[in-house]
Amino acid sequence: MPTPRFPSTFLILLLSGILCLLSAPARSADLQLSSGSRQNILIELYTSQGCSSCPPAERWLGALQDDPRLWKSIIPVAFHVDYWDYIGWKDHLADPAYSARQRRYHREQAISTVYTPGFVVNGKEWRRWFGLHSLPEESGRGGILSANIHGQQLRVTYLPPKDEQGPFALNIALLGVGLTAEVTRGENAGRKLPQDFVVLQYLTLSPEEARWHTALPALKKPQGGRLAIAIWVQRRDSLTPLQAVGGWLREK
């Protein structure tokens, strides 16, 4: 059988296609985050579905969805504590670890006492939310925190300023936004409470170097809501955040 012959133009196109495939970049990440060199503002709210004074604070936090600074310079998270569960309503979003985190802030003298609703802004107690006062300004220079999410894989690097020493720890919070809790007992009985930026899963990592790689827990998109992620870095011996990033997660 004679050897098939292809026109030279066909061979050129074939080779060009192969070269394009070989030189094509890998599939881009699902989400890429970078803080820049100015410190972002991490807002932590300690709250409970069983606390009658908490809904106004939660509404204030939820309103940050419409703030143009969201994820650019403001990273909000809501930790639900469990120490009000005994008064008639068990908060299904609460975790003893979140209560322990707030108590550690108290031990580190960052907050005056353990209470709800309690705000901590960049590691310091902040009580001015109820007067609609503006948030504290960013503290200025910070390290550069970068995160890359591909599928369920998360890679994070932190480049600290020259005068900042480790070792460092990484915090990862998977958040639910646009959720609703129907409370049937306790101080908020009969109320439907909006739940925004609420921590659904929380991880901490402490490697020797300021590089982290971990698999994220698989979470389904909540009905009527969205998923987001907040990532921040601190020294191992202190809860005070050094830099933070966050963003919306892509729907699966």
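Note: the structure precedes this text.
None of the values given here were measured: they were computed from a predicted structure.

Thresholds, definitions, all that
Residues numbered from 1 in each chain as written. Predicted model: local features only at pLDDT ≥ 70, side-chain atom pairs only at ≥ 80, totals over all residues. Heavy atoms only, no water. Helix = DSSP H or I, 4+ residues; strand = E, 2+ residues; numbered from the N terminus. Buried < 20%, exposed > 50% of the residue type's maximum accessible area, 1.4 Å probe, protein only. Contact = heavy atoms within 4.5 Å. Areas by Shrake-Rupley, 256 points an atom, 1.4 Å probe, with all protein chains shown as cover. Pairing = 2+ DSSP bridges. Phe/Tyr/Trp six-rings, centres within 6.5 Å; stacked < 30°, edge-to-face > 60°. Lys NZ or Arg CZ within 6 Å of the ring centre and 35° of its normal. Salt bridge = Lys/Arg side-chain N within 4 Å of Asp/Glu carboxyl O. Polar contact = N/O pair within 3.5 Å; in protein donor to acceptor, adjacent residues only side chain to side chain. Axes fitted to C-alpha atoms, helices over the stretch in contact; angles between N-to-C directions.

A. Summary view of the overall build of the protein chain. Within the protein chain one finds three helices and 14 strands. The buried share of the protein chain, reckoned over its 252 residues, is 47%. When contacts within the protein chain are restricted to residue pairs at least 6 apart in sequence, those whose partners lie at least 24 apart make up 69%. Carbon together with sulfur atoms contributes 55% to the accessible area of the protein chain, which is approximately 13,900 Å² in total.

B. Quick peek at the pairing of strand β8 (residues 168-177). For β8, a buried count of 10 out of 10 residues is recorded, marking the element as mostly surrounded by other parts of the structure. Both faces of β8 are covered, namely the face carrying Phe 168, Leu 170, Ile 172, Leu 174 and Gly 176 and the face carrying Ala 169, Asn 171, Ala 173, Leu 175 and Val 177. One ladder, built from 10 bridges, connects β8 with strand β13 (residues 226-235); its direction is antiparallel. The residue of β13 that forms the bridge with Leu 175 is Ala 228. Looking at chain direction, β8 and strand β11 (residues 198-205) are connected through seven bridges and run antiparallel. Counterpart to Asn 171 in the pairing with β11 is Thr 204.

C. Spatial organisation of the packing of aromatic side chains. Under the definition given, this model contains 15 aromatic pairs. Aromatic pair Trp 71 and Phe 197: ring centres 5.9 Å apart, planes at 75°, arrangement edge-to-face. Residue Trp 71 is located in the loop between α2 (54-62) and β3 (74-80), and its partner Phe 197 is located in the loop between β10 (191-195) and β11; the two are separated by 126 residues in the primary sequence. Residue Trp 71 shares its accessibility class with Phe 197, and that shared class is buried. On the numbers, 6.2 Å between centres and 20° between planes, the contact of Tyr 202 with Trp 232 is stacked. Of this pair, Tyr 202 sits in strand β11 while Trp 232 sits in strand β13, and the two are 30 residues apart along the sequence. Here the aromatic residues Tyr 46, Phe 79, Tyr 98, Tyr 105, Tyr 202 and Trp 232 are joined through ring pairs into a cluster of three or more. Positioned above the aromatic ring of Trp 248, the side-chain terminus of Arg 226 is 3.7 Å from the ring centre.

D. Expanded view of α2. The buried count for α2 comes to seven of nine residues, which makes it a mostly enclosed element. Restricting attention to buried positions, one finds in α2 the residues Cys 54, Pro 55, Ala 57, Glu 58, Trp 60, Leu 61 and Gly 62. Of the surrounding elements, those touching the buried residues of α2 are β2 (41-47), β3, β4 (118-121), β5 (124-126) and β10.

E. How the structure looks around the pattern of salt bridges. Using the criterion set out here, one finds seven salt bridges in the structure. Between Glu 108 and Arg 104 there is a salt bridge, with the nearest N and O atoms lying 2.8 Å from each other. The salt bridge partner of Glu 125 is Arg 127, with a shortest N-O separation of 3.3 Å. Glu 125 sits in the partly exposed class, given a relative accessible area of 24%. We classify Arg 127 as partly exposed; its relative accessible area is 43%.

F. Structural view of the side chain of Asn 122. Here Asn 122 lies in the loop between β4 and β5. Within the structure, the side chain of Asn 122 is placed 3.3 Å from the backbone oxygen of Asn 40, a separation counted as a polar contact. Here the side chain of Asn 122 touches Leu 42 through a polar contact of 2.8 Å, landing on its backbone nitrogen. Sequence-distant contacts of Asn 122, defined by excluding residues within four places in its chain, comprise Gln 39, Asn 40, Ile 41, Leu 42, Thr 240 and Pro 241.

G. Broad picture of the sheet that holds strand β7 (residues 153-159). One open sheet holds the four strands; their spatial order is β1-β6-β7-β12, and the pairing between them is antiparallel. Either end of the sheet is taken by a strand with one partner, and the two such strands are β1 (31-34) and β12 (211-215). Averaged over all neighbouring strand pairs, the angle between strand axes comes to 10°, with direction disregarded. As defined by bridge partners, β1 adjoins strand β6 (residues 144-150) across four bridges and the pair is classed as antiparallel. The partner of Leu 33 across the bridge, within β6, is Ala 147.

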